[in-house]
Amino acid sequence: MTIAQPLIQARGLVKRFGDFTAVDGIDVEVRAGEAFGFLGPNGAGKSSTMRMVGCISPPSGGELRILGMDPVRDGPAIRARLGVCPQLDNLDPELTVRENLTTYARYFGIPRRVARERAAELLDFVQLTERADSKVEPLSGGMKRRLTIARALVNNPEIVLLDEPTTGLDPQARHLVWERLFRLTQQGVTLVLTTHYMDEAEQLCDRLVVMDGGRIVAEGSPRALIEEHSTREVVELRFAADSQEAFAGKLDGLGERVEVLPDRILLYVADGDAAVAEVTALGLVPASVLVRRSSLEDVFLHLTGRTLVD
Amino acid sequence: MVGLVLPRLVSFEGAPRRSASVAERNFTSLKSAYWLVLFSGFLEPVLYLFSIGIGVGALVGDLTLPGGRVVSYAAFVAPAMLASSAMTGALAETTFNFFGKMKYMKLYDGIIATPVQPFEIALGELGWAMIRGSLYSAAFLVVMVVMGLTGVGAAVTAFPAAVLVGFAFGALGMAVATFMRSWQDFDLMGSAQFTLFLFSGTFVPAEAYPAVLRWAVELTPLYRSVHLIRGIAVGASGWSWLLDVAYLLVLTAVGLLVASQRMGRLLYK
């Protein structure tokens, strides 16, 4: 395998469901060893893209190559080298935790003895050894998620696809999952994940694309995206209720961009403290002031808007 | 530890191996309660045999078959019970269980993410259903031999025929299950199954029906199954069993094809 060859390559990739276009001509390249993220609001087309990459959803148009192969013609050969953690856990409810791993290994043609060893290692890796002989149903959401991730690793995949790996998990469980995924990247496994959590994208992704309405609206490393689409710092000013608009007019020209929200005003500026000094010099006295570094969330909201998409 | 340390684990031996892994999954999921279900499936045809074959048979007396052979009513009914128990065993596995796995357990959504393909899932499930059907058949044949309703040689010949019947109904059931929308639809299927059970030359020779009805009956899969197995059990001569075998083989192939096509469409969204 040549290093230069991207593991996943999409050009003008389209997915339609009847009249609805879920993915509207995207170009993506994922290289070996990187952690690549699809960031976007619900309905942006992230999951549809992941299903196409996972070779369980035929593209409606465009070009898609995975590991140098055609997902429609070479589906089984590609899937043999992928690990998939779907958005909704589809563990086998009739099997125990351990059997879920050994049985899944058998679908890949892994010999029984190796499957048992592999299951033991993976249970240890996701900290489920103590629950090995439990059924799946009584497990907590976080445990099921970890088991699904372990299952995705059972065939020692070259690419692991994770569709919203931590949605619905409590903070402890999220951090454990992040830590395990980080370890995988350290071992050279290529990760492709979708998320709508900014902190997750910043934590895990070397590179990401922001999707909205089936299209890619931005691409780059988390750092580069913040630099390109936001300012270095953000000042959050709160004035008395319902008076934000009135004050906002006076802040025009301050910083690169002023955004007025119902409960606060955001100033996108290079130097937060200097901006606060200017606000004070104007004679304005906000109820509270917060200076923070710009985050991927600012980029995300700037690019995809604040309107609820559900 | 995890990841790149182990050598590439994936071997690629093809479809039979992948189908077997699906059947193996079912074996792994076997729990003690299942054996009770298995037992009840065996018991049902035996009860019919005793109540109708022996009980009603005492009132009916002997029957003269179209070939001129005279057999006891129990010997006439027993092969039909064998055929219908092969049908029931296979259908239970490929309709109820298959539908539940696909629609509610989302089992196949997990499996299609591996190299296993819909056709291989269908084949694996069918192979598994056939194992269950074969167990019923073998046990019932033993009962028939012990009761003197057929010879040992005929029983040995009838066994693969019963397995074929299981295959055909299993494939048919799986194809039907892919069209089911909810559990309610299974009531319809249950009625169809019971109608077949009553009127497929099981308790009365098809020759006893009016001509039009008789033709309709002779087209049904259970009639062909009963005809095949009864022919073997009572030692009928002639080549009409070839038609039965061809019919059941075609039904198996068509059922599998339809089932895997439908599964592909439902799963590869």
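Residues numbered from 1 in each chain as written. Chains lettered and ligands numbered in written order. Predicted model: local features only at pLDDT ≥ 70, side-chain atom pairs only at ≥ 80, totals over all residues.

Student: What is the right way to read the overall build of chain A from this model?
Tutor: Assigned secondary structure in chain A consists of 11 helices and 13 strands. Each of the three principal axes of chain A carries a C-alpha extent, and together these read 75 × 45 × 40 Å. Residues classed as buried in chain A amount to 44% of the 310 residues present. Across chain A, the fraction of contacts at a sequence separation of at least 24, relative to all contacts at a separation of at least 6, is 68%. (Helix = DSSP H or I, 4+ residues; strand = E, 2+ residues; numbered from the N terminus. Buried ≥ 20, exposed ≤ 12 C-beta atoms within 10 Å, placed from the backbone. Contact = placed C-beta atoms within 7 Å.)

Student: I keep staring at the sheet that holds strand β7 (residues 190-195) of chain A and nothing clicks. Help me out?
Tutor: Two orientations exist for strands paired in a sheet by backbone hydrogen bonds: parallel and antiparallel. Residue and element names in this part refer to chain A. Within the open sheet, the six strands sit side by side as β5-β6-β7-β3-β8-β9. Their pairing is mixed. Whereas interior strands pair on both sides, the edge strands pair on one side only; in this sheet they are β5 (82-85) and β9 (215-220). Strand-to-strand, the axes of this sheet are offset by a mean angle of 15°, without reference to chain direction. Those strands touched by helix α8 (residues 222-229) are β8 (207-212) and β9, and its axis lies near 105° from that of β9. (Pairing = 2+ DSSP bridges. Axes fitted to C-alpha atoms, helices over the stretch in contact; angles between N-to-C directions.)

Student: Even after reading the chapter, I still don't get the interface of chain A and chain B, so can you show me in this structure?
Tutor: Interfaces are frequently sized by the accessible area removed from exposure as the parts join. Contact with chain A, which involves 33 residues of that partner, is made by 32 residues of chain B. Each residue belonging to the side of chain A that touches chain B can be placed in one class, and the counts come to 17 nonpolar, nine polar and seven charged. (Nonpolar A, V, L, I, M, F, W, Y, C, P; charged D, E, K, R; others polar.)

Student: Could you clarify how one ought to interpret the pairing of strand β12 (residues 265-269) of chain A in this entry?
Tutor: Successive residues of a regular strand alternate their side chains across the two faces of the sheet. All names here are of chain A. Taking burial as the measure, the five residues of β12 include four buried ones, the bulk of the element. By the bridge criterion, four bridges tie strand β11 (residues 257-260) to β12 in an arrangement that is antiparallel. Paired with valine 258 across the bridge in β12 is leucine 267. Counting the residues between successive antiparallel strands, the hairpin from β11 to β12 contains four residues.

Student: Explain helix α7 (residues 185-199) of chain B here, please?
Tutor: Since the α-helix packs 3.6 residues into each turn, any two residues three or four apart lie on the same face. All names here are of chain B. The first and last C-alpha atoms of α7 sit 22 Å apart over 15 residues, in line with the 21 Å expected at 1.5 Å per residue. Elements in contact with the buried residues of α7: α3 (73-104) and α9 (221-234). Remark: glycine 201 follows α7 within two positions and exhibits a positive phi of approximately 70°. (Expected span 1.5 Å × (residues − 1).)

Student: Just to check I follow, could you spell out helix α6 (residues 171-186) of chain A for this structure?
Tutor: Residues and elements named next belong to chain A. With 16 residues, α6 should cover 22 Å at 1.5 Å per step; its first-to-last C-alpha distance of 22 Å lies within 8% of that length. Residues Arg174, Val177, Leu181 and Leu184 constitute the buried set of α6. For α6, the angular spread of the buried residues around the axis is 80°, confining them to a single face. Exposed side of α6, more than 90 degrees from the buried face: Pro171, Gln172, Glu179 and Gln186 are the residues found there. Close packing links the buried residues of α6 with α5 (141-152), β6 (159-163), β7 and α7 (198-204). Backbone geometry just after α6 places glycine 188 at a positive phi near 90°. (Arc of directions from axis to C-beta.)

Student: I would appreciate a short explanation of the packing of helix α3 (residues 97-107) of chain A against helix α4 (residues 112-125) of chain A in the present structure.
Tutor: Axis angle and axis distance: for two packed helices, these are the angle between their axes and the distance between the axes, and together they describe the pair. Residues and elements named next belong to chain A. Two elements in contact, α3 and α4, have axes whose closest approach is 9 Å; the angle formed by their N-to-C orientations is 135°. When the axes of α3 and α4 are compared, the pair comes out oblique. In this structure, α3 crosses over α4, and the sense of that crossing is right-handed. Within the contact between the two elements, α3 uses Arg98, Leu101, Thr102, Ala105 and Arg106 and α4 uses Ala115, Arg116, Arg118, Ala119, Leu122 and Leu123. Of the residues in the contact of α3 with α4, the class split is six nonpolar, one polar and four charged. (Parallel < 35°, antiparallel > 145°, perpendicular 65-115°, else oblique. Left-handed = near helix turned anticlockwise from the far one by under 90°.)

Student: Explanation requested: the environment of proline 157 of chain A in the structure shown.
Tutor: Residues and elements named next belong to chain A. Here proline 157 shows up in the loop between α5 and β6. The exposure class of proline 157 is buried, given the 22 C-beta atoms found within 10 Å. It is 5.3 Å that separates the C-alpha atoms of proline 157 and glycine 83, two residues lying 74 residues apart in sequence. Apart from the residues within four sequence positions on either side, proline 157 is in contact with Arg81, Leu82, Gly83 and Ala152.

Student: Where do I start with the pairing of strand β10 (residues 233-238) of chain A in this structure?
Tutor: Where β10 of chain A lies against β12 of chain A, five bridges are found, and the strand directions are antiparallel. Bridge pairing in β12 of chain A places glutamate 236 of chain A opposite leucine 266 of chain A.

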